[in-house]
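Here's the letter readout for the chains.
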There are 2 protein chains.
Amino acid sequence: MIKIAIDANGGDFGVQTTVPAAMMAVKKYDNIEVILYGDEAKIKPLLTNSERITIVHTEQVLSMGEKDPIKAIRSQRDASLCLAMKACKNNEADACVTNGPTQCVVVGAHLLVRRLPQMERIALCPFLPNLDGNPRLLLDVGANVELRPEHLGSLAIFASVVAKEVFGRQNPKVGLLNIGSEPGKGREVDKESYYYLEKLEGINFIGNVEPTEMVNCPADVVVTDGFTGNICTKAIEGTAKTMGAMLTEEIKSSLGGKIGYLFMRKNLKRFKKRMSTKEVGGALVFGLGKVVVKAHGNSDAETYVNAIRLAKEMVEADVINKVVNVLPKVDENAA
Amino acid sequence: MIKIAIDANGGDFGVQTTVPAAMMAVKKYDNIEVILYGDEAKIKPLLTNSERITIVHTEQVLSMGEKDPIKAIRSQRDASLCLAMKACKNNEADACVTNGPTQCVVVGAHLLVRRLPQMERIALCPFLPNLDGNPRLLLDVGANVELRPEHLGSLAIFASVVAKEVFGRQNPKVGLLNIGSEPGKGREVDKESYYYLEKLEGINFIGNVEPTEMVNCPADVVVTDGFTGNICTKAIEGTAKTMGAMLTEEIKSSLGGKIGYLFMRKNLKRFKKRMSTKEVGGALVFGLGKVVVKAHGNSDAETYVNAIRLAKEMVEADVINKVVNVLPKVDENAA
């Protein structure tokens, strides 16, 4: 039985999302058990079926607008997010799912779940929609504003194991996010990273990947520092959202557009779905001794179920142990 | 009469684009004169009207795939791009328009046109499409992989003059591209830049702008280093292009989609036009003693005419002199 700790008070809608999602997930996957860390008085009325679901009561929750994540994690140890993460650390759960504030998730993962001893950095890894329908892993997008080549190397190994074991990509291709395709492009650190990754055993490095290619991407995994990754993801997200708004505006602006919409409604829905990553359900935090999945703050219950599924699949695939088995080889090579 | 030097051999289509564009521009704007730097034997058959157009013959051209721009600019001084830029430097022209390879344009601008003495760096500044229809200035997107706060400051002043004098924005708002809206976000250099720009006189700094906002942007001008700017622009460009391809694919995938298309053809064309910056015509190189406009390598003649118009408007607005008048004040404040 896979035990999943859920930050039930977290996110924009708290128990309204997490409790229905937990019930759906338990019904759908018979090999999971869920522990809800949250406000019992609010959870109980929603919990119409408590099979394989337990509650650990806490009223505390981290604010979605939290400006000082380090202080918040240190001072609010009874917050639902902190308790769920601590349960992972103490082997009371195999994985943690949260839709709490991103920087608190990163800090909490670091302080409460803790890094694998072989990983010098952790990374936040979302899944980007792609033209071919297969989401791509981009990391880091916000755990570290700067990363050295050797950090990118161990994160690339971690992500390659996930791409293979959870997403079924054989010999996953790893790219370095950069401003040109040739080696020698970018800042000094990007040049160094290129040559480091090129020589690194245990990954299938295919060279630089330009941001123009990110949604039609030749690599399965793309690595970069958290500042650059964040800029890139947010630019993609903003463009997709604004283009969607523009399209809706143009369609609604005339009778022809409205009639046309009736005919191509299904096509436009499929288009919208292709640009969404709801089915993946969340981003992963890489580099930890346990599985941590971060769902969007505004996730609905269906999306949150997918985040729970992602956590379950990470545990089923035994990703952490497989990463641990690969990493020491790299250390030998680097030495 | 405004004299515009044109790199006639440049771009993906050479004289096939530049010569028709020159004739159209001269017909449209009676206060310009064009000097075509290019292959006379190829230009003459296309030049059906040579009023206010002269030819300076050269067969040399910089390759669009040039890998070593510094060597290329130094060794091919008779290339059409180099001659057009040199004409600016020597006051034989007021502005230069080129659709040559970007890095050669940057290096050529630096070595042949030369910086204003008050500007420590030059920057490449494209215009990004925006939800409200008013393009935004983003710089730098590729002239320098790293920029110090004081470089961003003088570039912000330059761009503010352009936004006001050429694009009619009153008291143009300047933003810093960053991964969060609050001060204190980003790398060390971003934090320093924030506090530097906040105190800088001569600009209207509104704080950080996130990449999610770039195509629906609260600022008129957004500054960043050339690496980050390039990542952001390319992510926007790639997403817009891929989404366009996905939309076309979905529409064509069923009869309903095709019928719907007939009804909303005009709406979809307007949508496509809103995501395009063809009407601006090109990117500007900021920080120089003369106006340099860089059109896309694959520009058609209409887009190239817009690049010529942009050059003309920059000269008409007397941007360079206005920048020179503003800059010394900054030096006094900084001292």
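Residues numbered from 1 in each chain as written. Chains lettered and ligands numbered in written order. Predicted model: local features only at pLDDT ≥ 70, side-chain atom pairs only at ≥ 80, totals over all residues. Heavy atoms only, no water.

1. A few points about the interface of chain B and chain A
- Tallying the contact residues gives 50 residues for chain B and 50 residues for chain A.
- Linking chain B with chain A are six salt bridges.
- A salt bridge links A:Glu182 to B:Lys67, with the shortest nitrogen-to-oxygen separation between them at 3.1 Å.
- Run the count over chain B and chain A and you get 16 residue pairs in polar contact (both at pLDDT 80 or more).
- Elements represented by at least two residues in the side of chain B that touches chain A include exactly helix 8 (226-252) and helix 9 (255-274) of chain B.
- Here the side of chain B that touches chain A gets 19 residues from one element, more than from any other, and that element is helix 8 of chain B.
- Tallied by class, the residues present in the side of chain B that touches chain A amount to 23 nonpolar, 16 polar and eleven charged. (Contact = heavy atoms within 4.5 Å. Salt bridge = Lys/Arg side-chain N within 4 Å of Asp/Glu carboxyl O. Polar contact = N/O pair within 3.5 Å; in protein donor to acceptor, adjacent residues only side chain to side chain. Helix = DSSP H or I, 4+ residues; strand = E, 2+ residues; numbered from the N terminus. Nonpolar A, V, L, I, M, F, W, Y, C, P; charged D, E, K, R; others polar.)

2. Overview of the packing of helix 4 (residues 80-89) of chain B against helix 5 (residues 102-113) of chain B
Residue and element names in this part refer to chain B.
- Where helix 4 meets helix 5, the closest approach of the two axes is 9 Å, and the angle between their N-to-C directions is 35°. Between helix 4 and helix 5 lies a crossing whose hand is right-handed. Counting all contacts with helix 4, which are made through Leu 81, Cys 82, Met 85, Lys 86 and Lys 89, the residues of helix 5 involved are Cys 104, Val 105, Gly 108, Ala 109, Leu 112 and Val 113. (Axes fitted to C-alpha atoms, helices over the stretch in contact; angles between N-to-C directions. Left-handed = near helix turned anticlockwise from the far one by under 90°.)

3. A closer look at the relation of the copies chain B and chain A
- Between the two copies, chain B and chain A, the superposition gives an RMSD of 0.0 Å; the rotation angle is 180° and the shift along the axis is 0.0 Å. Here the symmetry operator amounts to a two-fold rotation axis. If distances are taken from each C-alpha of chain B to the rotation axis, the shortest is found for B:Gly260, at 1.9 Å. (Least-squares fit on C-alpha atoms with pLDDT ≥ 70 in both.)

4. Some thoughts on the nonpolar core
- Ranked by size, the top nonpolar core spans 90 residues in total, and within it A:Met85, A:Met214, B:Met85 and B:Met214 carry the most contacts.
- With residues up to four places along the chain from it excluded, the contact list for B:Met214 reads B:Leu128, B:Pro129, B:Asn130, B:Leu138, B:Leu177, B:Val209, B:Val222, B:Cys232 and B:Ile236. (Core = buried A, V, L, I, M, F, W, Y, C linked by side-chain atoms within 4.5 Å. Buried < 20%, exposed > 50% of the residue type's maximum accessible area, 1.4 Å probe, protein only.)

5. Section: a positive patch on the surface
- On the surface, a cluster of positive charge is contributed by A:Arg74, A:Arg77, A:Lys86, A:Lys89, A:Arg114 and A:Arg115.
- With respect to the helices and strands, the residue A:Arg115 is situated in the loop between helix 5 (102-113) and strand 5 (123-125). (Patch = residues over 30% accessible without salt bridge, like charges linked within 9 Å, V, L, I, M, F, W, Y side chains within 5 Å. Areas by Shrake-Rupley, 256 points an atom, 1.4 Å probe, with all protein chains shown as cover. Lys, Arg positive; Asp, Glu negative; His and termini not counted. Charge placed at Lys NZ, Arg CZ, Asp CG, Glu CD.)

6. Details of the environment of B:Thr18
All names here are of chain B.
- With respect to the helices and strands, Thr 18 occurs in helix 1 (residues 15-28).
- Between the alpha carbons of Thr 18 and Val 291 there is a distance of 18 Å; along the sequence they are 273 residues apart.
- When neighbours within four sequence positions are excluded, Thr 18 is seen to be in contact with Ile 6, Asp 7, Ala 8, Leu 36, Asn 99 and Tyr 304.

7. Overview of the sheet that holds strand 8 (residues 173-177) of chain A
All names here are of chain A.
- Strand order in this open sheet of five strands is 6-7-10-8-9, and the pairing throughout is mixed. Both edges of this open sheet fall to strand 6 (127-128) and strand 9 (204-209), since each of them pairs with a single strand only.
- Across three bridges, strand 7 (residues 136-139) lies against strand 10 (residues 221-223) in parallel orientation. Within the sheet, the bridge partner assigned to Leu 137 lies in strand 10 and is Val 221. (Pairing = 2+ DSSP bridges.)

8. Some points on the packing of helix 8 (residues 226-252) of chain A against helix 9 (residues 255-274) of chain A
Residue and element names in this part refer to chain A.
- Remark: helix 8 packs on helix 9, axes separated minimally by 10 Å, with the N-to-C direction vectors making an angle of 155°. One finds that helix 8 runs roughly antiparallel with respect to helix 9. Residue-level inspection shows Leu 247, Ile 251 and Lys 252 of helix 8 in contact with helix 9, the latter providing Gly 257, Lys 258, Tyr 261, Leu 268 and Phe 271.
- Split into classes, the residues belonging to the contact of helix 8 with helix 9 amount to five nonpolar, one polar and two charged. (Parallel < 35°, antiparallel > 145°, perpendicular 65-115°, else oblique.)

9. Topic: the pattern of salt bridges
- With the rule as written, the count across this model stands at 30 salt bridges over all chains.
- Between B:Glu182 and B:Lys185 there is a salt bridge, with the nearest N and O atoms lying 3.9 Å from each other.
- Classification of B:Glu182 as partly exposed rests on a relative accessible area of 25%.
- One salt-bridge network, held together by shared partners, links A:Lys67, B:Glu182 and B:Lys185.

10. Details of the pairing of strand 1 (residues 2-7) of chain B
Residue and element names in this part refer to chain B.
- The buried fraction of strand 1 amounts to five of the six residues, a majority that puts the element mostly inside the structure.
- Here six bridges tie strand 1 to strand 2 (residues 32-38), and the two strands are oriented parallel to one another. By the bridge assignment, Asp 7 is partnered in strand 2 with Tyr 37.
- For the segment spanning strand 1, helix 1 and strand 2, crossover handedness is right-handed.
- One ladder, built from three bridges, connects strand 1 with strand 4 (residues 95-98); its direction is parallel. When the bridges of strand 4 are listed, Ile 4 appears paired with Ala 95. (Right-handed = clockwise from strand over helix to strand, strands pointing away.)

11. Some thoughts on the packing of aromatic side chains
- The full count for this structure, using the stated rule, is nine aromatic pairs over all chains.
- Ring geometry for A:Phe127 and A:Phe167: centres 5.0 Å apart, planes at 35°, overall tilted. Taken together, the positions of A:Phe127 in strand 6 and A:Phe167 in the loop between helix 6 (149-165) and strand 8 put the pair 40 residues apart, joining distant regions of the chain.
- Seen from their ring centres, B:Tyr194 and B:Tyr195 are 5.5 Å apart, and the 70° between their planes marks the pair as edge-to-face.
- Among the aromatic side chains, those forming a connected cluster through ring pairs are A:Tyr194, A:Tyr195 and A:Phe205.
- The side chain of B:Arg187 reaches across the aromatic face of A:Phe227, ending 3.8 Å from its centre. (Phe/Tyr/Trp six-rings, centres within 6.5 Å; stacked < 30°, edge-to-face > 60°. Lys NZ or Arg CZ within 6 Å of the ring centre and 35° of its normal.)

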